[in-house]
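Topology and contacts: notes
Residues per chain, in single letters:
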Amino acid sequence: MGLNSFFTAFLFIFLTELGDKTQLAVITLSSKYGWRSVISGAMLAFALIDGLSILAGKSISEAIPAFWIQITGGIIFIAFGLYLLLRKEAKNERLKISGKASGFVSALIFVSLTELGDKTQLAVIVLAAEYAETILIFLGVILAFLAITIIGTLIGKGIVRLIPHEHLRLISALLFICFGLVFFLQAVVFT
């Protein structure tokens, strides 16, 4: 597969995280702390959480046949897409930050908590189980999160003016459903 796994991971994570609660957390943290400490704390959180997710996905791929990984991955992605389409979201949902911890520690803790059990963490597990190139998956995921984090710190709340949050959610939902269908069809048609 080569670089296909890298680009798949990068594009998938980038598009699904755009406007997600993790990016909103980075925007909120950036309004209170310096951009360097927020980016470095957030990136350490992403590396830890998603590095462990990739290891979990790799372990799953060694224990379970590829057919069942693709079927299960497809179902999970389609379910997340449908969840995003059907979910009702509070209009004034805000992330609150309290305390006087440093920006680095705040970003590390806050981003870790927003990513634990998040749809993208589960997506990273599925991607790692789907593709054999775990290092390329990790690099794609981390570079996507870096891009999202930089956008969040530089643009801040301006992103909502460019692309309404509801459109970002719709794009993410459709992307999850498309990836789910691809995984499902790969299992059924090509296996």
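Scope of this entry: the structure provided in the associated data block. (Residues numbered from 1 in each chain as written. Predicted model: local features only at pLDDT ≥ 70, side-chain atom pairs only at ≥ 80, totals over all residues. Heavy atoms only, no water.)

To continue, consider the side chain of Thr120. Residue position: Thr120 is located in helix α6 (residues 119-130). For Thr120, the side chain forms a polar contact with the side chain of Glu115, separated by 3.0 Å. Those residues in contact with Thr120 that sit more than four places away from it in its chain are Ile13, Thr16, Glu17, Glu115 and Phe145. (Helix = DSSP H or I, 4+ residues; strand = E, 2+ residues; numbered from the N terminus. Polar contact = N/O pair within 3.5 Å; in protein donor to acceptor, adjacent residues only side chain to side chain. Contact = heavy atoms within 4.5 Å.)

Right, let's get into a nonpolar patch on the surface. Taken together, the side chains of Leu44, Leu48, Phe104, Val105, Ile109, Leu113 and Leu116 define a hydrophobic patch exposed on the protein surface, amounting to about 600 Å² of accessible area. Those elements that provide at least two residues to the nonpolar patch are α3 (35-63) and α5 (103-115). For the nonpolar patch, the element with the highest residue contribution is α5, accounting for four residues. Looking at where Phe104 falls in the secondary structure, it is placed in helix α5. (Patch = residues over 30% accessible without salt bridge, like charges linked within 9 Å, V, L, I, M, F, W, Y side chains within 5 Å. Areas by Shrake-Rupley, 256 points an atom, 1.4 Å probe, with all protein chains shown as cover. Salt bridge = Lys/Arg side-chain N within 4 Å of Asp/Glu carboxyl O.)

This part takes up helix α1 (residues 3-17). In this model, α1 (15 residues) spans 21 Å end to end at C-alpha, consistent with the 21 Å of a helix rising 1.5 Å per residue. Every buried residue belonging to α1 is among Ser5, Phe6, Thr8, Ala9, Phe12, Ile13, Phe14, Thr16 and Glu17, and all of these are buried. Phi for Gly19, located one or two positions after α1, is positive at around 80°. (Expected span 1.5 Å × (residues − 1). Buried < 20%, exposed > 50% of the residue type's maximum accessible area, 1.4 Å probe, protein only.)

Tracing the sequence through the fold places Val188 in helix α9 (residues 165-190). Spatially, the C-alpha atom of Val188 lies 8.8 Å from that of Gln70, the residues being 118 residues apart in sequence.

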